[in-house]
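Below, each chain spelled out in residue letters.
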Amino acid sequence: MTPVIGWRFWKIRRTSRDCNLWLRSVIRNELWPPMERFEAHGSSYKEVSQRGSPPEANSTSGIYAHKTSRHALENLDRCWCRGIFLGKVKLWGVIQKHQFGYRAQFAYPLSLHLGICCVCKRIINLKSEPFAIGWATLYITESFSVSGFLCERCNERYYSVDTESSYRELIQLTERYCIKIE
Ligand SMILES: [Zn+2]
């Protein structure tokens, strides 16, 4: 079966111990493993897929993706959009199609395109615009650092993070996952 290409948002996280960079789901606290397929973990979803029938229309499990980047951006929840990244995702397995997107059984990221400034919410093109990634370490619930993605203006005004090292960090992430910045 030909995989479907969709668009979705991720956060990025850094392991405090070895500084590896991870993609994380925005709403659920789920890390996407590099070079491995990401699987929908909802229990109802598992039961359904074991029965071999597609996910129920009213079930909330599965990996969500939008059909287009425009639709993904139009549906940004303004509360949790700060500091997240938009990219393409490959979907396969059992796929439920919706008017504006998909819910799939398996997925793997393909590319990162846009980042949203965590201060002013401006949308930054990762390939053509300068940006910075600041890190705050939280040891409360998990040993991961939380990233702050910044546009050039907010970085200059509030943080002065080195933009070249931020770009290198993002390259490190994309190489780890074998994905592209487009
Ligand atoms: Zn900004």
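Presented here is an overview of the structure given in this document. These numbers were taken from a predicted model, which means no experiment stands behind them. (Residues numbered from 1 in each chain as written. Predicted model: local features only at pLDDT ≥ 70, side-chain atom pairs only at ≥ 80, totals over all residues. Heavy atoms only, no water.)

### Some remarks on the side chain of His66
On the secondary structure map, His66 appears in strand 5 (residues 63–66). Side-chain polar atoms of His66 contact the side chain of His71, separated by 3.0 Å. (Helix = DSSP H or I, 4+ residues; strand = E, 2+ residues; numbered from the N terminus. Polar contact = N/O pair within 3.5 Å; in protein donor to acceptor, adjacent residues only side chain to side chain.)

### Considering the pairing of strand 6 (residues 85–97)
One ladder, built from seven bridges, connects strand 1 (residues 4–15) with strand 6; its direction is antiparallel. Each residue of the ladder has a partner; that of Gly6, found in strand 6, is Val89. Relative to strand 7 (residues 101–116), strand 6 runs antiparallel, the two sharing eleven bridges. By the bridge assignment, Lys88 is partnered in strand 7 with Ser111. Linking two consecutive strands that pair antiparallel, namely strand 6 and strand 7, is a turn of three residues. (Pairing = 2+ DSSP bridges.)

### Thoughts on the pairing of strand 7
Within a regular beta strand, the side chains point alternately toward one face of the sheet and then the other, so they alternate between its two faces. Of all 16 residues in strand 7, 15 are buried; the element is thus mostly enclosed. Note that strand 4 (residues 38–39) and strand 7 share two bridges and pair antiparallel. Bridge assignment links Phe38 to a residue of strand 7, and that residue is Ala107. As judged from the four bridges shared by strand 5 and strand 7, these two strands associate in the antiparallel manner. Looking at the pairing, Ala65 lines up with Tyr102 of strand 7. (Buried < 20%, exposed > 50% of the residue type's maximum accessible area, 1.4 Å probe, protein only.)

### Quick notes on the coordination of the zinc ion
Only Cys117 (SG), Cys120 (SG), Cys151 (SG) and Cys154 (SG) from the protein coordinate the zinc ion, and they sit 2.2 to 2.4 Å from it. Classification of the site at the zinc ion rests on its four donor atoms, whose angles at the metal span 101 to 115°, yielding the label tetrahedral. Written as a sequence motif, the donor residues of the zinc ion are C-x2-C-x30-C-x2-C. Of the two residues, Cys120 is situated in the loop between strand 7 and strand 8 (123–125) and Cys154 in helix 3 (residues 152–159); the sequence distance between them amounts to 34 residues. (Donors = N, O, S within 2.8 Å, 3.2 Å for Na, K, Ca; no water. Tetrahedral: all angles 85-135°; square planar, octahedral: opposite > 155°, others 65-115°.)

### Considerations on the pattern of salt bridges
All chains considered together, the criterion is met by five salt bridges. Notably, a salt bridge pairs Arg14 with Glu169, separated by 2.8 Å at the nearest N-O pair. Separated by 155 residues along the polypeptide, Arg14 in strand 1 and Glu169 in helix 4 (residues 163–177) bring together distant segments of the chain. Across the pair Glu182 and Lys180 runs a salt bridge whose closest N-O atoms are separated by 3.7 Å. For Lys180, a relative accessible area of 53% corresponds to the exposed category. (Salt bridge = Lys/Arg side-chain N within 4 Å of Asp/Glu carboxyl O.)

### Observations concerning the nonpolar core
Of all hydrophobic cores here, the largest spans 34 residues; its most connected members are Trp32 and Leu170. Secondary-structure elements contributing two or more residues to this core are strand 1, strand 2 (21–25), strand 5, strand 6, strand 7, strand 9 (131–138), strand 10 (144–151) and helix 4. By residue number, the principal contributor to this core is strand 7, which donates five residues. If we skip the residues at most four places from it in the chain, Leu170 touches Phe85, Leu112, Leu126, Phe131, Ile133 and Ile181. (Core = buried A, V, L, I, M, F, W, Y, C linked by side-chain atoms within 4.5 Å. Contact = heavy atoms within 4.5 Å.)

### What to know about unusual backbone geometry
For Lys121, which is not glycine, the phi dihedral falls at a positive 65°. Residue position: Lys121 is located in the loop between strand 7 and strand 8. Since its relative accessible area comes to 24%, Lys121 is described here as partly exposed. Positive phi outside glycine occurs at Cys178, with the angle close to 60°. Considering the arrangement of structural elements, one finds Cys178 in the loop between helix 4 and strand 11 (180–181). A relative accessible area of 59% places Cys178 in the exposed class.

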